[in-house]
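# Inside the fold
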Protein chains: 2
Amino acid sequence: MPTYKAPLEDIDFVLNDLLQADNLTKLPGFEDATRDLVSSILEEAAKLCENELQPLNRPGHEEGCHYENGVVRTPKGFKEAYQAYVDGGWQGLSMDPKYGGQGLPHAITFVLEELLISANMAFAMYPGLTQGAWNAIHTHANDQLKDTYLPKMTTGEWSGTMCLTEPHCGTDLGLIKTKAVPNDDGSYSITGTKIFISAGEHDLTSNIIHLVLAKLPDAPSGVKGISLFLVPKFLPTEDNQPGQRNGVMCGSIEHKMGIMANATCVMNFDDAKGWLVGEPHKGMRAMFTMMNAARLGVGMQGLGIATVAYQNALTYTKERLQGRSLTGAKEPEKAADPLIVHPDVRKNLMTIKAFTEGARALGYWVGIQLDQADHNPDLKARAEADEFVALLTPVVKAYFTDMGYECATMAQQMYGGHGYIREWGMEQFVRDARIAMIYEGANGIQALDLVGRKLGQDMGRLLRRFFHPLAGELESAMEDTDLLEFAGPLAKAFGKLQQATAIVAQRGMKNPDEAGAASTDYLRIFGLVALGWMWLRMVKVANAKLAEGGNGKSGFYEAKIKTARFFVQRLLPEVDFRFKALMSGAKTVMDLEADLF
Amino acid sequence: MPTYKAPLEDIDFVLNDLLQADNLTKLPGFEDATRDLVSSILEEAAKLCENELQPLNRPGHEEGCHYENGVVRTPKGFKEAYQAYVDGGWQGLSMDPKYGGQGLPHAITFVLEELLISANMAFAMYPGLTQGAWNAIHTHANDQLKDTYLPKMTTGEWSGTMCLTEPHCGTDLGLIKTKAVPNDDGSYSITGTKIFISAGEHDLTSNIIHLVLAKLPDAPSGVKGISLFLVPKFLPTEDNQPGQRNGVMCGSIEHKMGIMANATCVMNFDDAKGWLVGEPHKGMRAMFTMMNAARLGVGMQGLGIATVAYQNALTYTKERLQGRSLTGAKEPEKAADPLIVHPDVRKNLMTIKAFTEGARALGYWVGIQLDQADHNPDLKARAEADEFVALLTPVVKAYFTDMGYECATMAQQMYGGHGYIREWGMEQFVRDARIAMIYEGANGIQALDLVGRKLGQDMGRLLRRFFHPLAGELESAMEDTDLLEFAGPLAKAFGKLQQATAIVAQRGMKNPDEAGAASTDYLRIFGLVALGWMWLRMVKVANAKLAEGGNGKSGFYEAKIKTARFFVQRLLPEVDFRFKALMSGAKTVMDLEADLF
């Protein structure tokens, strides 16, 4: 059975040594979010994840969810674990105190999400969806809806969903058929079928609040005619208890490759009563509020799964005796050496380590910028942070989840045949990780979002939020002999990213297919450069710490430097490949006629 | 539900236009293997695979195998399908006529294997294992054993297994504990436990012939003390019927990630009666006879799964309407354009197409060389072919299966959310493909075999079987203006492969960890260059055919040229990345102390 230990030491390093998360206390509302408080919160979160949620992960995978006549039962133990989650006040961690939340920084929720996912991804999705729905209601709904629904969602007593996809359309939401007809009382009657609704029905909460995309009778066609509606499973009574059952039913649950303990539902809306969230026909905007947060959360799934898969592979490769080191027996008194003596095994471990630690740094940084975007009193700083987050969102979503799957596969590989056996738990990580590349906008869509929307936005202003500070940091690093070995390769990779950006913009203007054909390679380059940047910054911090004597953690800081070296020498060169592929243009991709495939 | 259509047109192109498989008829024993005969055999094989085996693939995945008290039941329909396989005489296709086989070239069996795997990989493993066991008996056993067992295995009436792995060792077989004690009658009593035994127990055949690695009482320690034994489930009676039950029982079957319809068994040998195959303590040699054939067969699994996954993704992307082409609506009369108009979707399709068609060419070529190695009357030609096969075996095994998994994942991705749902069948391809990277020597072991054993063997003689003809072909292609665009990038990639070879050899002499740290990147470069070579050759053939007017298949030949262009421009550049990573040496990989991971 796999195990999990929250990587609190590395989290502390990233939050405090690298990102100075303490600075958030200077923002209004975050005064209490001191290093000490955050650290004790995370220690508690670690206990919940390690002791309550992780032990349910494999049993949940084996048992799955149960469906009968519209009722969904989660696997054994999930109800109790969810109650512990609610009782601990975890759902409201970074939610608005006005509705009962603790108002802590989003950055802390990012960390919490990583821990929950590592421990039990299928479980983590339930509160994750509530968070997304909460955000949309909080930002776009009127006060009456907010007052009714947010308090119960803040505690986690009620949960939330996002109902977007229909059988004939997922990516292309302009095609949806679900209808909303106005009632006399200001509510709407919603009718239609939604599929792939995670947590659409379950037994964890007393009510489920669906956010549903639908079309009003007078809706313009396409995405400009979509509105967002709040549809509760039970209509709230006057004292805000779950009252009359609404016309929404779960028709079935899907049999999936993974995340077996999370119910993926077909939801039938049959004259269900709902209320408009935001303005008519402006549903896509409201949806993107949910979606952007959700995309970052999904990115963290890549990190979370890679982390737990790494931990288990590390244990296994240290314990499993098999073969001898190529350079002579390392443990001659034993029948064989442990797997970790083998260079190829070590290369795999180093790859996952370099990814996860780099991704943690980047992911939390985006989390902090999200707080800046929401709380900084300086409007310019706020806008800049918002732009940074918007730019990085598709990168975090797609690059992290592609790598999460690659890393889980790599960790599974280290187990040999045992990795393929369910009992050992490694195959679950691969199967769970797989969905993150698909949902909340498949990774190809993320790449299109990056090149098609984010690059060109406001004449490249978003891009400057990333390019300018990186250029500045590289300039000084190139003059520091301790940093040159890291800054040099990164500068070259960054040069290729800039060149690719110019080419994509230029060619894409003439022929949009050029941007499309370049998109996934471009996003990958972006992700590699972003992680390279994080590694440069981590080396700077580690050097400084070591210069101060290392504070008893010299090994930890030296590991950072060696892992950074591995990253720039072994992983960053992928930029060369992707750059060359991208530069070859759209012709190689589009030239073959569809009927000759 | 997925569908499958055997790619007979491409197979014909590869076998006949590219590889002139007809030449095999010049070898003694293969006189009858004419193009016409082969083509009609393959048409029959296609029918079996498309109509009988493929429809059982998804049901078999869902139902899995059943275990009760030592008895294993395969999923519904497997028994009947296996009987059809036996009745069709498919098992003996390339087996020795002396034992009832049809004595056709191995190359034809390679094609048959590809078709079987595409249709139903879990099913294909049953006859595949019989083939491997048959090879080992045929090459190493005495006449009495051969006469007793081979005829029934040739018909498929009896099946075979390979019993190698034990709970504490898989890769490192020197550690095995299974014992063989000589009996007075020349037989041996075998006692021990073997795990991960594919097809170890099932209901398809009336007897199962286990080939078991075990140690004699006087065995030297390590791999030099391993012997191979034949242990039948039922001891044959005098008239060669399954008689008394032998002391071998299936203790349980594994719950796995995939290949659900193939029973993976724990086999308990308890004073089971067995006979020595080959010489005492020389079991590893006999085992490698099985293993090498099995490795090539596993390589074909990568190709087979990628092919069927591609076919289904192609259908889906042509039918599913979602979004509009970036360059304006392509089917304005419909609600949306089909997915295939999108450059990124097309890039994924082209990637799989370029891999599968290149791999088919390389795989079948190796199959033909295997026939040359076995049948060519010229001993020098025979040895050269054997060396070529030995060199390419780890490349085919590891590169094909890594790519098979990547391609299956890519094909699944094109389905969006539906790809994650079991009903659509794409997740099965990913799960089935996954095992091929692990069994018959995990891919890391293949890479070590390539750099540690094959590169240096006989002063690089094996390598010259590949390098010399490629160098020759490139030299002339570089002077052909029609070929330059393909030969140029390939020559550069080949240059890097040669440079990497020299570096690995040089550095590896001083420090074997250098070879280990380079191995997987080196193998990947080798695979890419090998496929690049195939594409160059296919372009030459396509050009020639088009110059002759295309014979009504101009589109097919033009597609070859465009796919080759995609390969050299979009996929071959991965060589740059792998080369750079490899060149960084072992230090980045080995530098971090194990306790700092």
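Scroll up to find the structure.
Let me begin by describing the structure that accompanies this report. (Residues numbered from 1 in each chain as written. Chains lettered and ligands numbered in written order. Predicted model: local features only at pLDDT ≥ 70, side-chain atom pairs only at ≥ 80, totals over all residues. Heavy atoms only, no water.)

### Regarding the overall build of chain A
Short version of the rule: Segments assigned H or I by DSSP are reported as helices when at least four residues long, segments assigned E as strands when at least two residues long, and all are numbered from the N terminus. Atoms considered for the radius of gyration are the C-alpha atoms alone. The globule rule reads 2.2 Å times the number of residues to the power 0.38. Contacts are assigned to residue pairs that have any heavy atoms within 4.5 Å of one another. Reported accessibility uses the Shrake-Rupley method at a 1.4 Å probe radius. Residues are deemed covered only where the shown protein chains occlude them. Note that His is not counted, nor are the chain ends; the positive residues are Lys and Arg, and the negative ones are Asp and Glu. For charged residues, the charge sits on one atom: NZ in Lys, CZ in Arg, CG in Asp, CD in Glu.
Of regular secondary structure, chain A possesses 17 helices and eleven strands. For 597 residues, the compact-globule estimate of 2.2 N^0.38 gives 25 Å, and the C-alpha radius of gyration of chain A, at 24 Å, lies within 12% of that figure. Projected onto its principal axes, the C-alpha coordinates of chain A cover approximately 80 × 60 × 60 Å. Expressed as a percentage of contacts within chain A between residues at least 6 apart in sequence, the contacts between residues at least 24 apart total 73%. If you sum the accessible surface of chain A, you get close to 20,500 Å²; carbon and sulfur atoms cover 52% of it. Computed over 59 positive and 72 negative side-chain charges, the inter-centroid distance for chain A is 5 Å.

### Quick word on the pattern of salt bridges
Cut-off, in case you're wondering: Salt bridges are counted wherever a side-chain nitrogen of Lys or Arg sits within 4 Å of a carboxyl oxygen of Asp or Glu.
Taken as a whole, this structure holds 82 salt bridges over all chains when the rule is applied. With a closest N to O distance of 2.9 Å, Asp576 of chain B and Lys580 of chain A form a salt bridge. Taken together, the residues Asp576 of chain B in helix α16 (residues 574-583) and Lys580 of chain A in helix α16 (residues 574-583) connect one chain to another. Through salt bridges with shared partners, one network takes in Lys347 and Arg570 of chain A together with Glu406, Asp521, Arg524, Glu574 and Arg578 of chain B.

### Some remarks on the interface of chain A and chain B
Inclusion rule: Buried area: the sum, over both parts, of the accessible surface (1.4 Å probe) that disappears when the two are put together. In the analysis that follows, any N or O atom pair within 3.5 Å is treated as a polar contact, provided that within protein one partner can donate a hydrogen and the other can accept it, and provided that, for residues neighboring in sequence, both atoms belong to side chains.
The interface is formed by 95 residues belonging to chain A together with 95 residues belonging to chain B. Here chain A and chain B share an interface that buries about 8,100 Å² over both sides, 59% of which is from carbon and sulfur atoms. Three residues stand out in chain A for area buried against chain B, namely Tyr420, Arg570 and Phe597 of chain A, and they jointly supply 12% of the buried area on that side. The interface formed by chain A and chain B holds ten salt bridges in total. The tally of links from chain A across to chain B stands at 59 residue pairs in polar contact (both at pLDDT 80 or more). With ten residues, the top contributor of residues to the side of chain A that touches chain B is helix α15 (residues 554-571) of chain A.

### Section: the packing of helix α12 (residues 461-477) of chain B against helix α14 (residues 512-547) of chain B
The axes of two packed helices give the description: the angle between them and the distance between them. Residue and element names in this part refer to chain B. Note the following rule: Interaxial angle, 0 to 180 degrees, is taken between N-to-C directions of lines fitted to C-alpha atoms, where a helix line uses only the stretch in contact. Note on terminology: angles under 35 degrees are roughly parallel, angles over 145 are roughly antiparallel, angles of 65 to 115 are roughly perpendicular, and the others are oblique. It is the rotation of the near helix from the far one that decides the hand of a crossing: anticlockwise by less than a right angle makes it left-handed, clockwise makes it right-handed. Residues are grouped as follows: Ala, Val, Leu, Ile, Met, Phe, Trp, Tyr, Cys and Pro are nonpolar; Asp, Glu, Lys and Arg are charged; every other residue, Gly included, is polar.
Axis separation between α12 and α14 bottoms out at 11 Å; the angle between their running directions is 45 degrees. In this view, α12 runs oblique relative to α14, as classed from their interaxial angle. When you trace α12 past α14, the crossing you get is left-handed. Residues Leu463, Phe466, Phe467, Pro469, Leu470, Glu473, Leu474 and Ala477 of α12 form the contact with α14, whose own contacting residues are Tyr522, Phe526, Val529, Ala530, Trp533, Leu536, Arg537 and Lys540. Split by residue class, the contact of α12 with α14 holds 13 nonpolar, no polar and three charged.

### Observations regarding the side chain of Arg537 of chain B
Residue placement: Arg537 of chain B occurs in helix α14. If near-sequence neighbours (up to four positions away) are discounted, Arg537 of chain B is found in contact with Leu18, Leu19, Trp365 and Glu473 of chain B.

### Description of the pairing of strand β3 (residues 158-163) of chain B
Taken residue by residue, a regular strand's side chains alternate between the two faces of the sheet. Residues and elements named next belong to chain B. Quick reminder of the rule: With a 1.4 Å probe rolled over the protein chains alone, any residue whose accessible area is under 20% of its type maximum counts as buried; one over 50% counts as exposed, and the rest are partly exposed. Being paired, for any two strands, means DSSP has found at least two bridges between them.
Within β3, six of the six residues are buried, leaving the element largely enclosed by the surrounding structure. Here β3 shows no split at all, with Trp158, Gly160 and Met162 on one side and Ser159, Thr161 and Cys163 on the other all buried. In this structure, β3 lies alongside strand β6 (residues 207-214), joined through six bridges in parallel fashion. Looking at β6, one finds that Gly160 is bridged to Ile209.

### Observations concerning the relation of the copies chain A and chain B
Cut-off, in case you're wondering: Here the copies are superposed with least squares, the fitted atoms being C-alpha atoms of residues at a pLDDT of at least 70 in both.
Superposition of chain A onto chain B requires a rotation of 180 degrees combined with a translation of 0.0 Å along the rotation axis, giving an RMSD of 0.0 Å. Overall, the copies show the geometry of a two-fold rotation axis. For chain A, the smallest separation between a C-alpha atom and the rotation axis is recorded for Phe577 of chain A, amounting to 2.7 Å. A shared interface surface links the copies, since 100% of the contact residues of chain A are contact residues in chain B too.

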